[in-house]
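Structural overview for review
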Amino acid sequence: MAIVNVLEAKTHFSKLLARAEQGEEIIVARAGKPVVRLVPIEELPPRQFGFMDLGDHEIPDSAFFDPLPDEELALWE
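My aim in this report is to walk through the structure given alongside it, one point at a time.

Cut-offs and rules
- Residues numbered from 1 in each chain as written.
- Predicted model: local features only at pLDDT ≥ 70, side-chain atom pairs only at ≥ 80, totals over all residues.
- Heavy atoms only, no water.
- Core = buried A, V, L, I, M, F, W, Y, C linked by side-chain atoms within 4.5 Å.
- Buried < 20%, exposed > 50% of the residue type's maximum accessible area, 1.4 Å probe, protein only.
- Helix = DSSP H or I, 4+ residues; strand = E, 2+ residues; numbered from the N terminus.
- Pairing = 2+ DSSP bridges.
- Axes fitted to C-alpha atoms, helices over the stretch in contact; angles between N-to-C directions.
- Contact = heavy atoms within 4.5 Å.

Side note on the nonpolar core
Core analysis: the largest hydrophobic core is formed by eight residues, namely Ala2, Val4, Ala9, Leu16, Ala20, Ile26, Val28 and Leu38. Elements supplying a minimum of two residues to this core: strand 1 (2-5), helix 2 (13-21) and strand 2 (26-30).

Notes on the sheet that holds strand 3 (residues 33-38)
Spatial strand order, 1-2-3: three strands in an open sheet with mixed pairing. Among the strands making up the open sheet, the edge pair consists of strand 1 and strand 3. Each strand axis lies, on average, 35° off the axis of its neighbour in the sheet, ignoring direction. With four bridges joining them, strand 1 and strand 2 adopt parallel strand pairing. Opposite alanine 2, over in strand 2, you have isoleucine 26 as the bridge partner. The sheet contacts of helix 2 involve strand 1, strand 2 and strand 3, and relative to strand 3 the element is tilted by about 65°.

Put into C-alpha cells, the structure is as follows:
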C-alpha cells in the first residue's frame, strides 16, 4: 500500500492508475490525512440496454398516431 499526497497524485495520476490496475492499493492523502483509495474494480457485467426483448412485445400504431383522450389532454394544459 502506497500513500501519496494530492499534488503527487495530480502529477502522476496515469502512473498511479497503472499501479492500481496491477493490484496495488494507493491511498491519496491531503495534509497527511488519508482521503481516498485507488483500487482496481472487479470486472463489470456487460450492460443490457432496454428492459424488453424486441420480439416479445409490439406497440400498436394507435399508441403514436391516435389523438389523446380529452382527459389526458387536460392534464397537459
